[in-house]
Amino acid sequence: MWVKPSEVLVTGFWSTDRANPYFALQRRRGHDEEHVGFTSMFVATLDSVFDSKTNRYRILHQRPDSEVYHLIAEADTKEEIEEHWQWLEEHIMPALGKIDAGVDVTDYVQSKIKSLCAQADEDEIGDFESDKFKNATKKFHKLFNVPADEKLVTYYACSYWRGRVPRQGWLYLSVNYLCFYSYLLGKDITIVLKFTDITSLERLQAYVTETIRVGTRFHVHDFSMFRNIEETYQMMEQLANFAAKKLLSEKGAFREEEFFPVVTKKTAPKAISQLKRDLDAKTRSELYRCRFRLPTNERLDGEVTCQLWTPYNQSHVSGKLYISTNFVCFASRVYHQVNLIIPFRDINLVEKKSDQAIKPEIDMDSAIFIAMKQEGGKFVFSQFDDREFVFNKLSQMLSQYQEALPPSVEPPTIELSTPLYLQFNSNYTDERFAIEKSKEASWNTHFLSYGRSSIMYRTNELYELIFQGIPDSLRNELWLVFSGAIHDKAANPNVYLKLVHESSFVKAIHGSTNDEIERDLYRALPDQKAFQQESGISALRRLLRAYACHNTDVGYCQAMNIIGGVLLLYMNEEDAFWTLAALCERLLPDYYNTKVVGALIDQGVFNDYCNEYLPDLYEKLKNLGVAACISLSWFLTLFICVMPFESALYVMDIFFYDGIKVLFQLALTILKENEERLLECQDDGDAIMVLTGYLDGITDDNESEKKIISLIKQSYMNYNRINEEDINRLRLKHRLKVVQTMGEAILQSAAKNTLKYTLFNEEQIKDLFYVFRDASRISLSETSDPRKLPYETYRIGRADYLLLCKYLSPWFIGEHPEDLANTLFDALCTSTNSNEMDFINFIRLWNILLNEDFKLKLKLLFVSHLKDEKRREIGVASLLELPSARLTPLNIPPKQEDSSVSTEEQSTTDEVKEAENPKPKPSQLPLMNQTEFIHLCKSMYNVMTGDIDDEDLFRALTTSSTILLKTGEMSKPYRGLETDDSHSEETTNEWTLSFEQLEGSMNAETSIVTWFETNSQQQSLEQRIHNYNQDFLH
């Protein structure tokens, strides 16, 4: 590119490739040189280690009468710099010959170059990245074999440990790849890892400094000596998390554009990486949503330190004010001292002064008042560094806010249920009613001081009230508020009614889901009277079907009927729906899907906490193998199925307020209470009996404080250090492990079930499936079709198949190798899809190419060149028949299990009969016409081109093909004798050729047979896969 002229020093780091009296084209030493000397090697090493980002080529301007050089153009490629050089020779050099004064020459050149630079600046309207980062992006794409549209996120200087020797270089992090490059004294190291192939990501103390260890299926890589290891590790975590979520997401559920937003110059300031800035913003938004239980589409706009006036104790609380699209939130500096959530839908006005009487403690010069729509409500924030900016931002956001309006179409009239306990609470005793009234009074007193609904002041005092249990009459309101479902409901008016209506008409689409729901309706809460009546069952049916229609990626999962049943007992039907949605999508993410991935991940997280807090018991539980029942039965149902129902309600009360940490704390407390007895257990059955007996005994009988309340309080005293931030960090670690475990299970399934079709061993099949799966780009959650084995779901398209052929196929050689590869692809896709190939056909194809004899390879060529679809289907079916030698004894028909003597006698008799009756047998394969035969010969010619013995091969191929062409002509009158009923559509007056004739002619040519037998042996399967891994998996 052209650059504004500037004086430069001429050093030995550059060599001149072209020159004339006014210009010199120079190349950086150590780059694009056939013979590299020490100086060039030294310069290239300096460029790599110090990341000078110097372009490889430049053009300098110099007058013959001056020693001053001016840089006027530079480029990273030879083609680009030569274009500039040609432009100078055509447009500048002729004019310079007419200028006499030397100074005028320089002025003329500089003015021309400056005008070119100005024009280039006007053209680059989409340029928002820094020059340094743009150069890094160019280098990234030049060094590594990654797609052209791959987005670089950021890069860091670091060292890579090979053995005990560190290699200084640069780590590049893109959306889908982790790459490293180092060049030292003529030796380079290039590493390319897909984030989807990373099985572990750890930060540990190793070698002489803190190290980031990245594990894959094939290798372990250690990187250290970062300037800011915390930032690097967090970025790696985020990108690995993105990759794992993408693999585990339901089909179509993960949208990459939401994770990596589109960047425009209008919205982006110049930065080293706009994408990195957006990723950091997304991380902050996720933490913000998690802390305040906000909808998943909420985006944080900014945060600012300030003070909140708390009227309940007449004081100021320091903290941060968060502003987003639909909410204003506050969190105190002291954890959980006070939190506040103010939806814009409830705000009436933002002002700097208040008409009401103001406490003298409030600084009016720095205060902002938020007046609510409900009478008397007002929140006061003060001590802003820039009150004017915050006030304008709040006013702007409020003016832009648009409240969700009900659809103009009148919703269908459907009678929804009220909380079911109101209809079936006849078992409430007078004592129970008294307790409920006492709880209600306590809560109403709290509301008077701290506010109500979503805009209440959430303080530590709230914990004591929740520990004592929420009264039945308030569970609807408080579960809706604490879970954040109140915001989803407000943003989607009348949506539930619409979903109920739609779900009753989609039986054809969700038939299997509806069947599952029907089976589980009466299993939900059989002990509850509400679900022994049709009114309760009908409400639960509507709820579950509506959610399956609302979230088609999840549909319905077991345990949702239990959770939905409890919600319907204490909430009206619409509120129960939005609370169920919040629980499935935010509070317990990925728990309720076909693979219960979230529960498996949290099982690993819980094991880590057990190891940290109860190390002795952890080893015992690990040996007994009972950890799985904890996450799957305790967490999945929120303890409802494992402890008395009334006690489980206390767990749900605190869970909706404090989230997933409650379940971990409580589970650890239960294990701690039973530690001595569990350590004495001899097997998993004993351990389960101990825990089951303990949980069944959590009742209210004859205790001053209920046992469950005591247990919850104890869990907070002993394990309150557990928080959602740590849980999410550990979830990433175990999400990678779950991905790896699920992937290995599919590998085992693929190897076990396809072994009978091939001569490969299990490890070879696993290696082939690994690269096949890598090319297919199908998420693990898409392999849950109950009608198929998981590996059968994977498919590859034509482009990915051709890429695999390039590395793995022994026939991807000669002229136009893709022609034969496409022909084979078309043949093997006949039984699946015209544009995709499944793994079974893929492994069978590669088995023929690499393992089978000359006859089967020739049969593959013969069948694949049949153009008629019907004939090709018959040929492929014959080609892929399971060879009898690979059938197990169980597959052999009884008649074949006679003694060897009788078999030999029968064989001899058959041979005698065949000799007496020389009538030819009909061919098992369809006949080939002349055009197809010519294409077959052309394919064989192309694949043999370039072979060391290609002259002998061409001579043999010419001889055999000439004989076969004549044979086809001579066989016309006799073809009817060989044609059976299945091939009756083939006419006898056309040129045709049978496979047996082709095989006989080719067998006569030793060089052709030898080529087919030895071609696949030139390189082992392991070496072919290694070459692919070097470029794509590492």
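Keep in mind that what you see is a predicted model, and the values were worked out from it rather than measured.

What about the overall build of the protein?
And then number 1: If you tally the helices and strands in the protein, you get 39 helices and 24 strands.
And then number 2: For the protein, the proportion of its 1034 residues judged to be buried stands at 51%.
And then number 3: Nonlocal contacts in the protein, meaning residues at least 24 apart in sequence, comprise 66% of its contacts between residues at least 6 apart.
And then number 4: Accessible surface for the protein amounts to roughly 49,300 Å². Of this, 50% is attributable to carbon and sulfur atoms.

Regarding the sheet that holds strand β4 (residues 57–61)
And then number 1: Taken in spatial order, the 5 strands make up an open sheet running β1-β5-β4-β3-β2, and their pairing is antiparallel. Each edge of the sheet is formed by a strand with only one pairing partner; in this case those strands are β1 (2–8) and β2 (14–19). Strand-to-strand twist in this sheet, taken as the mean axis angle between neighbours without regard to direction, amounts to 35°.
And then number 2: Note that β4 and strand β5 (residues 69–75) share 5 bridges and pair antiparallel. Looking at the pairing, His61 lines up with His70 of β5.
And then number 3: Here helix α2 (residues 78–96) sits on the sheet and contacts β1, β2, β3 (23–28), β4 and β5; the angle it forms with β3, its principal contact strand, is near 170°.

Re the confidence of the model for the protein
And then number 1: Per-residue confidence for the protein averages 81 on the pLDDT scale, and 82% of its residues sit at or above 70.
And then number 2: Taken element by element, the protein is modelled with least confidence in helix α33 (residues 900–916), mean pLDDT 44, and with most confidence in strand β15 (residues 327–332), mean pLDDT 96.
And then number 3: Low confidence marks residues 252–257, where pLDDT is under 50. Its contacts with residues over four positions away, or in another chain, come to 9 contacts.

Focus on the side chain of His84
And then number 1: Positionally, His84 belongs in helix α2.
And then number 2: Overall, His84 belongs to the buried group, its relative accessible area being 11%.
And then number 3: Those residues in contact with His84, other than ones at most four positions away along the chain, are Met1, Trp2, Ile59 and Ala73.

Thoughts on the sheet that holds strand β20 (residues 458–459)
And then number 1: Taken together, the 8 strands give an open sheet; going across it, the order is β17-β18-β19-β13-β14-β15-β16-β20, and neighbouring strands pair in antiparallel fashion. This sheet does not close on itself; its edge strands, each paired only once, are β17 (347–351) and β20.
And then number 2: Bridge analysis of strand β18 (residues 368–372) against strand β19 (residues 378–382) gives 4 bridges, and the strand direction is antiparallel. Looking at β19, one finds that Ile370 is bridged to Phe379.

Considerations on the nonpolar core
And then number 1: If you look at the biggest cluster of nonpolar residues, it comprises 119 residues, and the most contacted ones within it are Trp443, Trp479, Phe482, Tyr592, Trp634 and Leu671.
And then number 2: In terms of residue count, helix α21 (residues 645–658) provides more of this core than any other element does, 10 residues in total.
And then number 3: When residues of this core are assigned to domains, at least three map to each of domain 4 (474–593) and domain 5 (597–722).
And then number 4: Non-local contacts of Leu671, meaning those with residues more than four positions away in its chain, are made with Phe606, Cys610, Leu614, Leu617, Leu621, Ile630, Trp634, Leu678 and Leu691.
And then number 5: In terms of nonpolar packing, the next biggest core, distinct from the first, is built from 75 residues, Ile796, Leu808, Leu879 and Ile1008 among them.

Describing a nonpolar patch on the surface
And then number 1: A surface patch of nonpolar side chains, amounting to about 290 Å² of accessible area, comprises Tyr207, Val208 and Met225.
And then number 2: As for its placement among the helices and strands, Tyr207 is situated in the loop between β10 (198–206) and β11 (209–216).

A word on the packing of aromatic side chains
And then number 1: Applying the stated criterion across every chain yields a total of 54 aromatic pairs.
And then number 2: Their ring planes at 90° and their centres at 5.4 Å tell us that Phe769 and Tyr794 sit as a pair that is edge-to-face. Taken as a pair, Phe769 in helix α27 (residues 762–776) and Tyr794 in the loop between α27 and β21 (795–797) lie far apart in primary sequence, 25 residues in all.
And then number 3: Overall, Phe769 belongs to the buried group, its relative accessible area being 0%.
And then number 4: Aromatic rings pair up to connect Phe769, Phe772, Tyr794, Tyr801, Phe825, Phe839, Phe842 and Trp846 into one cluster.

Some words on the pattern of salt bridges
And then number 1: Under the counting rule described, the total for this entry stands at 35 salt bridges.
And then number 2: The closest approach of N and O atoms between Asp222 and Arg213, which form a salt bridge, is 2.7 Å.
And then number 3: The class of Arg213 is partly exposed, set by a relative accessible area of 26%.
And then number 4: Note that Arg542 and Glu573 form a salt bridge whose closest N and O atoms lie 2.7 Å from each other. In this pair, Arg542 sits in helix α15 (residues 534–550) while Glu573 sits in helix α17 (residues 573–587), placing the two residues 31 residues apart along the sequence.
And then number 5: Connected via shared salt-bridge partners are Arg432, Glu436, Asp472, Arg475, Glu646 and Asp653.

So, the packing of helix α30 (residues 839–850) against helix α31 (residues 854–864)
And then number 1: Relative orientation of the contacting elements α30 and α31 amounts to 130°, with a least axis distance of 8 Å. The angle between the axes of α30 and α31 places the two elements in the oblique class. When the axes of α30 and α31 are compared, the crossing they make is left-handed. From α30, Leu845, Ile848 and Leu849 reach across to α31, where they touch Leu856, Lys857 and Leu860.
And then number 2: Grouping the amino acids of the contact of α30 with α31 by side-chain chemistry returns 5 nonpolar, no polar and 1 charged.

As for the environment of Arg167
And then number 1: Its location among the elements puts Arg167 in strand β7 (residues 165–174).
And then number 2: Excluding its chain neighbours within four sequence positions, the residues that come into contact with Arg167 are Cys158, Ser159, Tyr160, Phe180, Ser182, Leu184, Lys187, Asp188 and Ile189.

A word on the state of the cysteines
And then number 1: Enumeration according to the criterion identifies 0 disulfides in this entry.
And then number 2: You can see Cys557 has no disulfide; the closest cysteine sulfur is in Cys584, sitting 8.4 Å from it.

Comments concerning the packing of helix α11 (residues 472–482) against helix α16 (residues 560–570)
And then number 1: The N-to-C vectors of α11 and α16 enclose an angle of 115°; their axes lie 8 Å apart at closest approach. Of the residues in α16, those touching α11 at Asp472, Arg475, Asn476 and Trp479 are Val566, Leu567 and Tyr570.

A word on the pairing of β18
And then number 1: Across the 5 residues of β18, 5 count as buried, placing the element largely inside the fold.
And then number 2: Here β18 shows no split at all, with Ile368, Ile370 and Met372 on one side and Phe369 and Ala371 on the other all buried.
And then number 3: In this structure, β17 lies alongside β18, joined through 4 bridges in antiparallel fashion. Bridging across to β18, Glu351 finds its partner in Phe369.

The rules behind these values
- Residues numbered from 1 in each chain as written.
- Predicted model: local features only at pLDDT ≥ 70, side-chain atom pairs only at ≥ 80, totals over all residues.
- Heavy atoms only, no water.
- Helix = DSSP H or I, 4+ residues; strand = E, 2+ residues; numbered from the N terminus.
- Buried < 20%, exposed > 50% of the residue type's maximum accessible area, 1.4 Å probe, protein only.
- Contact = heavy atoms within 4.5 Å.
- Areas by Shrake-Rupley, 256 points an atom, 1.4 Å probe, with all protein chains shown as cover.
- Pairing = 2+ DSSP bridges.
- Axes fitted to C-alpha atoms, helices over the stretch in contact; angles between N-to-C directions.
- pLDDT = per-residue confidence, 0-100.
- Core = buried A, V, L, I, M, F, W, Y, C linked by side-chain atoms within 4.5 Å.
- Domains from an automatic or database assignment.
- Patch = residues over 30% accessible without salt bridge, like charges linked within 9 Å, V, L, I, M, F, W, Y side chains within 5 Å.
- Salt bridge = Lys/Arg side-chain N within 4 Å of Asp/Glu carboxyl O.
- Phe/Tyr/Trp six-rings, centres within 6.5 Å; stacked < 30°, edge-to-face > 60°.
- Parallel < 35°, antiparallel > 145°, perpendicular 65-115°, else oblique.
- Left-handed = near helix turned anticlockwise from the far one by under 90°.
- Nonpolar A, V, L, I, M, F, W, Y, C, P; charged D, E, K, R; others polar.
- Disulfide = S-S within 2.5 Å.

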